[in-house]
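What follows is the residue order along each chain.
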Amino acid sequence: MNEILLARKAELKQIAELIIDKQDVVYFDYPLHLNVGDLLIYAGTEQFFKDYDIRIRLRRSLQAFDIDEAKKYITPNTTILCHGGGNFGDLYPSIQKMREDIVQYFPQNRIILLPQTAHFSNEAAMLRSAKLFSAHPDLHLFARDIKTFDLMKAHFSSNVALSADMAHELYGTLAQKDRTKSNGKTLYFLRKDIEASDVEKNILAQLPANSNVKDWEDILSTEDDVVLALSWRMSKMANKFGLSWLKDLCHQFWYAYTQRIVKRVAQVFLANDKVTTTRLHGHIFSCLLEIPNRVCDNSYGKNSSYAKLWTKELDFVELDK
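To start, this report covers the structure provided alongside it. Since the structure is predicted, the reported quantities are computational estimates derived from the model, not experimental observations.

**Let's talk about the sheet that holds strand β11 (residues 293-295)**
The sheet built from 5 strands is open, its strands ordered β9-β8-β10-β11-β12 with parallel pairing. Of all strands in the sheet, those bounded by a partner on one side alone are β9 (212-214) and β12 (317-319). Sheet twist, expressed as the mean angle between neighbouring strand axes with direction ignored, is 20°. Of the pairings in the sheet, the one linking strand β8 (residues 186-189) to strand β10 (residues 274-277) comprises 4 bridges and is parallel in character. Bridging across to β10, Phe189 finds its partner in Thr277.

Below you can see the structure in the form of C-alpha cells.
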C-alpha cells in the first residue's frame, strides 16, 4: 500500500471528528447524475460512513430535496453534511441555491460542507452567497485547494480546513494496477463539458488519429442514461407527492447502480499503462488504482491546484508544466 495515499485517506478523519453525534446525521445533495467524478466522491463518502460507523438518517439528492421533509428529521443535535466536489460557486446555481437554503433554514445545526473546489465567475454572486454562509454560527467548510481555502476563509466562514477529496476513502477497496506488466497503452481522458478549455484542443492537436481518447460520456452507456432518467423522474415524483419511502428506495437503487459504474470505469482505466487527463477525478481515480498519470489543467486551474497540494509526491504522477 502506498504511504502517501494512505495518509490522504487517514486525513479524512478530521471530518468525522466534527460530527456531533454519529448516530444523528443527514446527507444532502448526493449526485443523481452521470458525472462519474461525482459518483466517485459519492462512493468514497458512503465508504467513509461505513469506516467511521456514521448512521445517516436521511439521504436526499437535489431532485428529492424538500425543506419541509428535512425539518421532520433534523433536531438541534443533528449534523448536516453536504456533498463535496467541484460545484461550489455560480457554475451550478441550483446546487448552490440548495446549500444556501440549508444554511438559512438550519442556523441551530452544525453544517459540514465536504471537500469542495470553489469557483465564482461573478464577484457579486460570490458576495451574495457569502453573506448567507457567513451568517451561520456553526458552519464548517472543507477546501480541496489553497485558492478555495483562501476564498472561503475570507468570505464564507471562519471554520475552514484543507482536505483531500472524499474519493480517497476508496483507497484499498479497489483493484490496483500491476505496473510490472506493460501493454504500451495510454488513455487520454479529456473533458468535453463547460470546464473544458484550450488545453484539451492542444493535446488533441498533437495526438495521432487513432489515439485512445475518452471522457466519462464515452464510458457510459445507453442503459446508464435510461436508468438515470427513470431514477430522476421517480425522485421528482416522490418529491412532488411527499413519498419519503420512495425517495429512500430510489437512493438504494441508484447507489447500487453507481457502484457498478465505478467498477466498469476502473476496468477501462486499468486496461492502460498510463493516463493523461484534464479531469480531476481522472487523476484521482488513476492514483487510487496506482496507474501512472499526467495531470493537465481544466479551464480555471482546479487540477494543478489539487495535485500540487495532495498528490504531486507520488512517484507515478506527472504534473503538466
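**With respect to the pairing of strand β1 (residues 25-30)**
The element β1 is extensively covered by neighbouring structure, given that 6 of its 6 residues are classed as buried. Relative to strand β2 (residues 56-61), β1 is paired through 5 bridges, and the arrangement is parallel. Bridged to Tyr27 within β2 is Arg59. Between the parallel elements β1 and β2, the chain passes through helix α3 (residues 36-51) in a crossover that is right-handed. The sheet contact formed by β1 and strand β3 (residues 79-82) spans 4 bridges and is parallel.

**Quick word on the pairing of strand β6 (residues 139-143)**
The element β6 is extensively covered by neighbouring structure, given that 5 of its 5 residues are classed as buried. Where burial is concerned, the two faces of β6 agree: the one with Leu139, Leu141 and Ala143 and the one with His140 and Phe142 are both buried. A crossover links strand β5 (residues 110-119) with its parallel partner β6, the connecting element being helix α6 (residues 123-134), and its sense is right-handed. Where β6 meets strand β7 (residues 160-162), 3 bridges bridge the pair, whose relative direction is parallel. Paired with Phe142 across the bridge in β7 is Ala161. Read as a crossover between parallel neighbours, the route from β6 over helix α7 (residues 146-155) to β7 is right-handed.

**Structural notes on the pattern of salt bridges**
In this structure the tally under the stated criterion is 18 salt bridges. The residue Lys177 makes a salt bridge to Asp273 at a minimum N-O spacing of 3.6 Å. Placement of Lys177 in the loop between β7 and β8 and of Asp273 in the loop between α11 (244-270) and β10 is noted, with a sequence separation of 96 residues between them. For the pair shown, Lys177 and Asp273 are each scored as buried. Notably, a salt bridge pairs Lys274 with Glu318, separated by 3.3 Å at the nearest N-O pair. Of this pair, Lys274 sits in strand β10 while Glu318 is found in strand β12, placing the two residues 44 residues apart along the sequence. For Lys274, a relative accessible area of 30% puts it in the partly exposed group.

**Notes on the packing of α11 against helix α12 (residues 280-288)**
Relative orientation of the contacting elements α11 and α12 amounts to 80°, with a least axis distance of 11 Å. As judged from the angle between their axes, α11 and α12 are roughly perpendicular. Together, Val262, Val265, Ala266 and Phe269 of α11 and Gly282, Phe285 and Ser286 of α12 make up the contact between the two elements. Classifying every residue of the contact of α11 with α12 by side-chain character gives 5 nonpolar, 2 polar and no charged.

The rules behind these values
Residues numbered from 1 in each chain as written. Predicted model: local features only at pLDDT ≥ 70, side-chain atom pairs only at ≥ 80, totals over all residues. Heavy atoms only, no water. Pairing = 2+ DSSP bridges. Helix = DSSP H or I, 4+ residues; strand = E, 2+ residues; numbered from the N terminus. Axes fitted to C-alpha atoms, helices over the stretch in contact; angles between N-to-C directions. Buried < 20%, exposed > 50% of the residue type's maximum accessible area, 1.4 Å probe, protein only. Right-handed = clockwise from strand over helix to strand, strands pointing away. Salt bridge = Lys/Arg side-chain N within 4 Å of Asp/Glu carboxyl O. Parallel < 35°, antiparallel > 145°, perpendicular 65-115°, else oblique. Contact = heavy atoms within 4.5 Å. Nonpolar A, V, L, I, M, F, W, Y, C, P; charged D, E, K, R; others polar.

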